[in-house]
Amino acid sequence: MSDHKLEFDPRNFTFKKAGVRTWRLIKKMLLVVLASLTATVLIYGIVALFHSTKEEKTLYRENKMYEKMFPTLNPKEKLLEDVIAGLQYKDNEIYEQVFHSNAPNVDPISTLDFLYASDTIPDYKLESYTREKSQMLMEHSRDVDAAFDRIFASISDTAFVLPPMTMPVKDISYPQIGASTGRKMSPFLKAYVYHNGMDIIVLRGTDVYATGDGVVSDCGNSRSDGHYVVISHEGGFTTRFNHLEQVDVKDGQKVTAGQKIGTVGMSGKSSSPHLHYEVRRNEQVEDPVNFLFATVDPTEYANFLYMATNTLQSMD
């Protein structure tokens with residue numbers, strides 16, 4: 001008996017060999033492909049369950065390492081927070097001493113979310129941040145305007161007196177700035193004592209100049225200050241120059257800013273040649289470095305401030 005299938009042809013009323021239908025072939029091929037994919041997935045799952053690749057083993061070891069490291073990260077994070085808080089405190093102190101204002105605030109949205117997802121910040125946060133930033137800028141602007149108003153008012157005031165603001169010696173740089181006012185170590189007492197002026201380290205014989213117009217109210221010689229000159233200026237200001245080698249002015253003499261009044265020495269109690277320069281207003285001690293910013297550029301003045309503040313030992 002033949003295995004070939006026959007089919008009836010209604011047009012000729014005869015039987016003929018059945019042909020292969022396309023859709024049946026496609027169906028069989030799809031079944032074969034589906035069965036192959038299923039078998040592949042099953043085999044891969046079984047192999048992956050019992051066998052790890054090199055990359056998977058590496059990731060597994062790293063995860064284990066991170067699990068051991070994680071408990072130690074919390075104390076380190078706390079330590080970093082304390083360090084940052086300390087730095088912020090010191091930063092604020094520096095701004096208070098130098099600029100007489102608080103250090104700038106950190107942006108309120110400068111967080112990790114802001115860094116890693118800056119395109120997903122809700123609108124209300126952006127609005128709040130912008131509003132706060134605008135208010136802060138407006139306040140700063142008002143402060144600046146008020147400061148300029150005070151400056152213009154002072155300049156226009158006929159009673160305004162410019163304090164002594166020129167350098168007592170010429171052509172010096174910040175390494176020559178020594179200790180300024182405050183508690184400093186005395187080279188003779190080996191203890192902290194109050195230092196009334198600022199030490200300027202220059203060669204013996206260097207010319208010393210008046211830092212403003214005025215009248216010599218006192219000059220002489222003392223055991224501690226050596227040869228000295230005191231000049232009285234308008235507005236209640238006085239300047240004092242100690243440890244001079246030579247004095248070129250006398251009591252009652254009028255002097256002008258930039259006029260030579262003597263030379264640097266190491267008379268009196270002085271550990272080495274230098275000029276001890278003081279500024280007072282109505283007998284109150286002022287820090288001389290605060291009166292030198294008008295004669296040097298901003299970078300050099302910042303270095304002056306640093307040296308004057310951080311030098312802890314005086315030279316007299």
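For the structure itself, look to the data block above.
Just so it is clear, the structure is predicted and the values come from calculations on it, not from any experiment.

Asks: Honestly, the pairing of strand β11 (residues 260-264) in this entry has me stumped. Any pointers?
Replies: In summary, the side chains of a regular strand alternate between the two faces of the sheet. The element β11 is largely enclosed, with a buried count of four among its five residues. The pairing of strand β6 (residues 207-209) with β11 spans three bridges and is antiparallel. Bridge pairing in β11 links Tyr209 to Lys260. Strand direction decides the pairing type here: strand β9 (residues 237-247) and β11, joined by three bridges, are antiparallel. Within β11, the position partnered with Leu244 by the bridge is Val264.

Asks: Even after reading the chapter, I still don't get the environment of Ser272, so can you show me in this structure?
Replies: You can see Ser272 is positioned in the loop between β11 and β12 (275-281). On the basis of relative accessible area, Ser272 is assigned to the partly exposed category, the value being 21%. In this structure, the C-alpha to C-alpha distance between Ser272 and Leu203, residues 69 residues apart in sequence, is 9.4 Å. Sequence-distant contacts of Ser272, that is, excluding residues within four places in its chain, are made with Met266 and Met315.

Asks: In this structure, what is going on with helix α5 (residues 298-310)? I would like to understand it.
Replies: Since the α-helix advances by 3.6 residues per turn, residues separated by three or four positions end up pointing in the same direction. Here α5 contains 13 residues, and its C-alpha end-to-end distance of 18 Å stays within 8% of the 18 Å for a straight helix at 1.5 Å per residue. Buried within α5 are the following residues: Glu300, Tyr301, Phe304, Leu305 and Ala308. In an axial view of α5, the angular spread of the buried residues amounts to 145 degrees, which keeps them on one side of the axis. Opposite the packed face of α5, turned more than 90 degrees from it, sit the exposed residues Thr299 and Tyr306. By the N-cap criterion, in which a side-chain oxygen at the helix start approaches the backbone nitrogen of a residue two or three places on, α5 is capped by Asp297, the distance to Thr299 being 3.1 Å.

Asks: In this structure, what is going on with unusual backbone geometry? I would like to understand it.
Replies: As a rule of thumb, non-glycine residues mostly have phi less than zero, and peptide bonds are mostly trans rather than cis. The residue Asp171 is not glycine, and still its phi comes out positive at about 55 degrees. The topology assignment puts Asp171 in the loop between α4 (123-156) and β3 (182-185).

Asks: I keep staring at a negative patch on the surface and nothing clicks. Help me out?
Replies: Together, Glu139, Asp143, Asp145 and Asp149 give the surface a local cluster of negative charge. By the element assignment, Asp145 lies in helix α4.

Asks: Looking at this structure, I do not really get the pairing of β9. What am I missing?
Replies: For β9, the buried fraction is high: eight of the 11 residues fall into the buried class. Here strand β8 (residues 226-232) folds back onto β9, and the loop between the two strands holds four residues, one of which, Gly235, carries a positive phi near 85 degrees. Bridge count for β9 against β12 is six bridges, and the pairing is antiparallel. Residue pairing for β12: Thr239 is matched across the bridge by Val279.

Asks: Even after reading the chapter, I still don't get the packing of aromatic side chains, so can you show me in this structure?
Replies: The geometry of an aromatic ring pair comes down to the distance between the two centres and the angle between the two planes. Taken as a whole, this structure holds three aromatic pairs when the rule is applied. Relative to Phe291, the ring of Phe237 has its centre 6.0 Å away and its plane inclined at 80 degrees; by these criteria the two rings are edge-to-face. Taken together, the positions of Phe237 in strand β9 and Phe291 in the loop between β13 (284-286) and α5 put the pair 54 residues apart, joining distant regions of the chain. Both residues of the pair, Phe237 and Phe291, count as buried. Seen in terms of ring centroids, Phe241 and Tyr277 are 5.3 Å apart; in terms of plane orientation they differ by 40 degrees. Their pairing is tilted.

Analysis parameters
- Residues numbered from 1 in each chain as written.
- Predicted model: local features only at pLDDT ≥ 70, side-chain atom pairs only at ≥ 80, totals over all residues.
- Heavy atoms only, no water.
- Buried < 20%, exposed > 50% of the residue type's maximum accessible area, 1.4 Å probe, protein only.
- Helix = DSSP H or I, 4+ residues; strand = E, 2+ residues; numbered from the N terminus.
- Pairing = 2+ DSSP bridges.
- Contact = heavy atoms within 4.5 Å.
- Expected span 1.5 Å × (residues − 1).
- Arc of directions from axis to C-beta.
- Polar contact = N/O pair within 3.5 Å; in protein donor to acceptor, adjacent residues only side chain to side chain.
- Patch = residues over 30% accessible without salt bridge, like charges linked within 9 Å, V, L, I, M, F, W, Y side chains within 5 Å.
- Areas by Shrake-Rupley, 256 points an atom, 1.4 Å probe, with all protein chains shown as cover.
- Salt bridge = Lys/Arg side-chain N within 4 Å of Asp/Glu carboxyl O.
- Lys, Arg positive; Asp, Glu negative; His and termini not counted.
- Charge placed at Lys NZ, Arg CZ, Asp CG, Glu CD.
- Phe/Tyr/Trp six-rings, centres within 6.5 Å; stacked < 30°, edge-to-face > 60°.

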